[in-house]
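Residue strings, one per chain:
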Amino acid sequence: MSDAALPTVEEAVALGLTRDEYALVCTKLDRPPNQVELAMFSLLWSEHCAYKHSKKLLMTLPTEGPFVVMGPGENAGAVDVGNGLACAFKVESHNHPSAVEPFQGAATGVGGILRDIFAIGARPIAVLDSLRFGNPLTSERSRFLLDGAVSGIGHYGNSMGVPTVGGEVYFEEPYEQNCLVNAMALGLGETEKLVRSAAAGVGNVLVLYGASTGRDGIGGASVLASAELGELSEDKRPTVQVGDPFEESKLLECSLELLERGLIVALQDLGAAGLTSSASEMASKGEVGIDIDVATVPLREADMEPFEIMVSESQERMLCVVEPGKLAEVIALTDKWEVHGTAIGSVTDTGHMRIFRGEELVGDMSVAALVDDCPLYDLSPAAPTQQLYPAPAAVLGEDADAQEALLTLLASPNIASRRPLFEQYDSIVQSRTVRRPEEADAAVLQLPGGGGLGVSIDGNGRKVAADPYWGTIAVVLECASNLACVGAEPLGTTNNLNFGNPEKPHIAWQLTEAVRGLGAACRALDAPIVGGNVSLYNEGASGPIYPTPVIGMVGRLPDVERAGRLGFAQEGDAIALVGPFRPALPASELARLRGEALPDGLPELDILAVRSAQEAVRDAVREGLLSSAHDIAEGGLLVAVAESALAGSIGATVELGDADDAWTALFGEAPGGFVVSGHPAAIAQLAERVELDIIGAVGGERLHAQAAGAAVDVALADLREAHGALAQLFA
Amino acid sequence: MKFGVLQFPGSCDEADAQLAAGRVGEAVLLWHRDRDLAGCDAIIVPGGFSYGDYLRAGAIARFSPMMEEVIAFARDGGLVLGICNGFQVLCEAGLLPGALLQNTNRRFTSRQVHLEVVSPDTPFTRACAPGELLSVPAKHGSGRYYAPDDQLDAMEAAGQIVVRYAPGECFNGSARDIAGVCNEAGNVFGLMPHPEHAVDALTGSTDGLRIFESMALAAGGAHV
């Protein structure tokens, strides 16, 4: 290899390595890295690829359980859903690209997570999203980001023919500069046919297919994803990739047909760090070496340097390993789907990644050094000594009565109907969607051979900011409660940890406590973590985001005909408050509207008591006892009742007789509470199983509520008008 | 009764159309590069984003080898149903009058709508009563039906307006709330909403089945 113009340590630092890490690279190579090698190390040793600040924490999470088919470490995790089928699922973030260019950032986020799913041989069957922005009522930037991200998600998912069946979105000041765009996808495949990504078979051929390789996205993982966002993120726009769902749709069909016909040995998508990451991960998992000739890679621009080809993040590309005898058939199939495959390298026994340009060797490093030897860092967590987040601006006066509070809560961007968003998504393609958005607390998809899946995604940055441990537990519990409301039992969990800069002690503390809470909750619910992602450095000059673990949970229900609904349905049904619900106002949506600062900590709670309430509700839904089931979340009990009334287009009367603090009873929040409705006899039957209060009845066209002096009496039409507040953002 | 459902790169709803048609007959997929209609009695051009909607929705798909066969089949009086992107393809192919423009709200919009059956005499609606309302989902970004006024007058007079959005439910700005039209001969029908997504109460509605049942009746091989 030529030693000409070796990059300096300063160049290594500019690419995101520390000086110590650069020195370690030199030790591993026994010489300074050349440009190709430095580019590859700087990406694979980035936080985004190596999880160097989070790996030790993540290793504490529960990952095993009776339903787990594939755990963390593969492109996606998978759980057994019966009848020989597995559901693959995973959530990933595309936060920084979306903060720079929301449409393409969000679109390629969806594209990336879909590739992860079909890379293990599962056909994508659903997308969900989790979004965070600043206040859209006061911030033009947040409206721009919201509009772009929602359009981008729709553009990609709709064009791919994968339904977007659920999601969540919240608006809080700490996300003003650094929005969050997390996308989750589910896929379905035969358990026996799921593939792993380990390259195997010395002499086998590496085939790259899909889009050609350009200069887009170079350095995305290291420069954009693993550093704080600066004021002038426009400079980074060229590091955002541009997506083409049409190309990906062909890529999907071609990949599944390649697997179906047994033509390939291993499969891997090209995501962050492009060829560098996918090839070295395949080599590492297969404990082999790989040779790549960059001169054979189809390019969009003729004069690309070897390092650019190796790190390009051009979208819609896949890499597979093929036995030489099947190469012609593989190429023919990629031609059928117009995603022209090219042999770009081979599997070797060297244990090295060797990069050639024609005959010339331009990079040579051991796979172990690239993939396994990145130093892992211990965090230095320290609880903050003062409040990190300023109190929000008050929008609800101290003298507001309960009715005004209810209407203001329903119109709050955090609670208002998400219809203007989800109407931009195709939620029904593939003919599986049994419960669409706003029909139930979780999306429900029917499975071939009977039964179905319930799926939910949740996060609550404000609660986690108030108490990273109990706040994270609350998020996991809410996910499981959503599943319970449709009659589904959790099978597995995925998570995306969106946090600030972990090198700062208070962020390290948030992260450490949140992961501890995540582990505790998943253990208590027997809902192991099968995969996930970490997005750190979500902060800018105005401070860190709220710590935002986003949890996705997949569950199974035996009979989709009985999948629960959230809307009241039957005049005369009894309404019951179910579960060990201990509401509190601090950190609630009402507290935010009143402009209150975050509390220092949340009340402890009995996770197992919540679990047993979830089980009681789930069983009641499965037995067909209930007309509706809805978990109590943002806005508390009265908002939950109003949502059920709106979803069913039927009124309700509720009375909370002996509540000593009416406002806490009406609007306080906590995990573990459900509003259900059903025939009085059915509710009586449920009362034998779980803590329950009958609080009212379904009927009429108004919502009446009374609690210790606080009274609400409002027409459904007025509730609906308040609840429709988000429409103005999309007018 | 054998239905053939076209499959282009970028098609999305072909499996749904196959499932729906399969409820009243046999249904097979037909690959865009082939030229064999496989003895099908009726052709469905499905929804999706054929060729990524590049150039214009439906503008590239209409040149595929299989579409040449479909055009000849239609000219011979064969039944052809175009749904959503399929409607766009049939307009581009000149099998149906008019064109589909971007929605007036300039957004992809997905919503359950009611369709009013305006012409119950076509081979696609004969199982429906006049004025019957069908609950069917619509989901598209370019579904604004357009044709010049004098042409629309002529089409109305000739009974070519097959389905309209129910009053107040047209979200895309279509001329005269038109949701679907047929050709003069009545054997080619295109509509933006998705009857194939309304064939099972579990997933929303069964009203869309009427379209497939009508086609089976028309073809004389009904299993209904």
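Residues numbered from 1 in each chain as written. Chains lettered and ligands numbered in written order. Predicted model: local features only at pLDDT ≥ 70, side-chain atom pairs only at ≥ 80, totals over all residues. Heavy atoms only, no water.

Enquirer: I keep staring at helix α3 (residues 85-92) of chain B and nothing clicks. Help me out?
Expert: Count 3.6 residues to each turn of an α-helix, and residues three or four apart come out pointing the same way. All names here are of chain B. Of all eight residues that make up α3, seven are buried, and the element is covered over most of its length. Of the residues making up α3, those classed as buried are N85, G86, F87, Q88, V89, L90 and C91. Just downstream of α3 lies G94, where phi reads positive at about 80°. (Buried < 20%, exposed > 50% of the residue type's maximum accessible area, 1.4 Å probe, protein only. Helix = DSSP H or I, 4+ residues; strand = E, 2+ residues; numbered from the N terminus.)

Enquirer: Is there a simple way to explain the packing of aromatic side chains in this structure?
Expert: The geometry of an aromatic ring pair is captured by the separation of the ring centres together with the interplanar angle, meaning the angle of the planes. As enumerated under the stated definition, the model contains 13 aromatic pairs over all chains in all. Centroid distance Y469 of chain A to W470 of chain A: 5.1 Å. Interplanar angle 85°. Geometry classified as edge-to-face. Classification of W470 of chain A by relative accessible area gives buried; the value is 14%. On the numbers, 5.2 Å between centres and 45° between planes, the contact of F124 of chain B with F189 of chain B is tilted. (Phe/Tyr/Trp six-rings, centres within 6.5 Å; stacked < 30°, edge-to-face > 60°.)

Enquirer: Which parts of the structure should I look at to understand a nonpolar patch on the surface?
Expert: All names here are of chain B. Nonpolar side chains collect at one region of the surface, where Y54, L55 and I60 lie side by side and expose about 310 Å² of accessible area between them. Relative to the helices and strands, I60 resides in the loop between β3 (42-45) and α2 (65-75). For I60, a relative accessible area of 31% puts it in the partly exposed group. (Patch = residues over 30% accessible without salt bridge, like charges linked within 9 Å, V, L, I, M, F, W, Y side chains within 5 Å. Areas by Shrake-Rupley, 256 points an atom, 1.4 Å probe, with all protein chains shown as cover. Salt bridge = Lys/Arg side-chain N within 4 Å of Asp/Glu carboxyl O.)

Enquirer: Would you take a moment to explain the pairing of strand β5 (residues 164-171) of chain A for this structure?
Expert: Moving residue by residue along a regular strand, the side chains alternate between the two faces of the sheet. Residues and elements named next belong to chain A. Burial within β5 is extensive, with seven of its eight residues counted as buried. Alignment of strand β4 (residues 123-133) against β5, held across seven bridges, turns out to be parallel. Paired with L131 across the two strands is V169, which belongs to β5. Crossover handedness for the path β4 to helix α8 (residues 140-160) to β5: right-handed. (Pairing = 2+ DSSP bridges. Right-handed = clockwise from strand over helix to strand, strands pointing away.)

Enquirer: Looking at this structure, I do not really get the interface of chain B and chain A. What am I missing?
Expert: Reports often express the size of an interface as the amount of accessible area lost when the parts come together. Counting residues at the interface gives 27 residues for chain B and 31 residues for chain A. Roughly 2,400 Å² of surface becomes buried between chain B and chain A when both sides are summed, with 52% attributable to carbon and sulfur atoms. Considering only the surface of chain B that becomes buried against chain A, R107, L202 and T203 of chain B emerge as the three largest contributors, covering 27% of it. Summed over the shared surface of chain B and chain A, the result is four salt bridges. Ionic pairing is found between R107 of chain B and D147 of chain A, a salt bridge with its closest N-O pair at 2.8 Å. On inspection of chain B and its partner chain A, the count reaches 13 residue pairs in polar contact (both at pLDDT 80 or more). For the side of chain B that touches chain A, the secondary structure elements donating two or more residues are α1 (14-21), β6 (109-117) and β7 (133-140) of chain B. When residues of the side of chain B that touches chain A are assigned to their parent elements, the largest contribution, four residues, is made by β6 of chain B. Residues of the side of chain B that touches chain A, tallied by class, amount to ten nonpolar, ten polar and seven charged. (Contact = heavy atoms within 4.5 Å. Buried area = accessible area lost by both parts, 1.4 Å probe. Polar contact = N/O pair within 3.5 Å; in protein donor to acceptor, adjacent residues only side chain to side chain. Nonpolar A, V, L, I, M, F, W, Y, C, P; charged D, E, K, R; others polar.)

Enquirer: Is there a simple way to explain the sheet that holds strand β26 (residues 692-698) of chain A in this structure?
Expert: Either a parallel or an antiparallel arrangement is found when strands of a sheet pair, and the pairing is made through backbone hydrogen bonds. All names here are of chain A. Here we have seven strands laid out as an open sheet, ordered β23-β25-β22-β26-β24-β27-β28, and mixed in their pairing. At either end of the open sheet lies a strand with only one pairing partner, and these are β23 (626-631) and β28 (710-715). Neighbour to neighbour, the strand axes of the sheet diverge by 20° on average, direction disregarded. In this sheet, β26 lies alongside strand β24 (residues 652-656) in antiparallel orientation, the contact comprising three bridges. Paired with T653 across the two strands is A697, which belongs to β26. Its contacts with the sheet place helix α24 (residues 680-687) against β22 (574-578), β23, β25 (674-678) and β26, and it is angled at close to 135° to β25. (Axes fitted to C-alpha atoms, helices over the stretch in contact; angles between N-to-C directions.)

Enquirer: Please clarify how the side chain of E669 of chain A should be interpreted in this entry.
Expert: All names here are of chain A. Looking at where E669 falls in the secondary structure, it is placed in the loop between α23 (662-667) and β25. Judged by its relative accessible area of 6%, E669 falls in the buried class. A polar contact of 2.6 Å, which involves the side chain of E669, links it to the side chain of K463. In this view, E669 contacts K463, F581, R582, P583, A584, A587, S588, E589, A633, E634, G635 and G636; residues no more than four positions away in its chain are not counted.

Enquirer: Any chance you could explain the sheet that holds strand β8 (residues 266-269) of chain A here in plain terms?
Expert: All names here are of chain A. Judged by pairing direction, the sheet is mixed, and its seven strands sit side by side in the order β8-β10-β7-β11-β9-β12-β13 without closing on themselves. At either margin of the open sheet sits one strand with a lone partner, and together these are β8 and β13 (360-366). The average angle at which neighbouring strand axes cross in this sheet is 20°, direction not considered. Pairing of strand β12 (residues 352-357) with β13, which is carried by six bridges, proceeds in the antiparallel orientation. Looking at the pairing, H352 lines up with S366 of β13. Across the sheet, helix α10 (residues 245-260) lies against β7 (205-210), β8 and β10 (317-322), angled at about 145° from β7, the strand it touches most.

Enquirer: Help me understand the environment of Q160 of chain B, please; the structure alone is not making it clear to me.
Expert: Residue and element names in this part refer to chain B. Within the secondary structure, Q160 sits in the loop between α4 (149-157) and β9 (161-165). Given a relative accessible area of 6%, Q160 falls into the buried group. Beyond its immediate chain neighbours, meaning those up to four positions away, Q160 contacts P97, M155, G180, V181, C182, N183 and E184.

Enquirer: For this particular structure, what's the right way to read the packing of α8 of chain A against α10 of chain A?
Expert: Angle between the axes and distance between the axes are the two parameters that describe a pair of packed helices. Residues and elements named next belong to chain A. The interhelical angle for the contact between α8 and α10, taken along N-to-C directions, is 35°, at an axis separation of 9 Å. Note that α8 runs across α10; the crossing there is right-handed. Note on element contacts: α10 touches α8 through P245, E248, S249 and L252, opposite H155, Y156, S159 and M160. Classifying every residue of the contact of α8 with α10 by side-chain character gives four nonpolar, three polar and one charged. (Left-handed = near helix turned anticlockwise from the far one by under 90°.)

Enquirer: Where do I start with the UniProt feature "domain: PurM-like N-terminal" (unreviewed entry) in chain A in this structure?
Expert: Listed under "domain: PurM-like N-terminal" (unreviewed entry) in the UniProt record, and renumbered for this structure, are residues 73-188 and 440-556 of chain A. Between the end C-alpha atoms of residues 73-188 of chain A there is a gap of 19 Å, over a span that is 39% helix and 37% strand. (UniProt positions renumbered as here; feature names shortened; annotations may be inferred.)

Enquirer: How do you make sense of the pattern of salt bridges when you look at a structure like this?
Expert: Pairing is possible between side chains that carry opposite charge, provided their charged atoms lie close to one another. As enumerated under the stated definition, the model contains 51 salt bridges over all chains in all. Put simply, E338 of chain A and R33 of chain B hold a salt bridge, and the shortest N to O gap is 3.1 Å. Taken together, the positions of E338 of chain A in the loop between α13 (327-336) and β11 (342-348) and R33 of chain B in the loop between β2 (26-31) and β3 put the pair across two chains. According to the relative accessible area criterion, R33 of chain B is partly exposed, its value standing at 38%. With a closest N to O distance of 2.8 Å, R176 of chain B and D153 of chain B form a salt bridge. Placement of the pair is R176 of chain B in the loop between β9 and β10 (178-182) and D153 of chain B in helix α4, with a sequence separation of 23 residues. Overall, R176 of chain B belongs to the partly exposed group, its relative accessible area being 28%. One salt-bridge network, in which partners are shared between bridges, spans D149, D153, E156, R164 and R176 of chain B.

Enquirer: Is there a simple way to explain the side chain of T164 of chain A in this structure?
Expert: Residue and element names in this part refer to chain A. Topologically, T164 is positioned in strand β5. The class for T164 is buried, based on a relative accessible area of 1%. T164 has contacts with V127, D129, I153, Y425, D426 and S427, leaving out every residue within four places of it along the chain.

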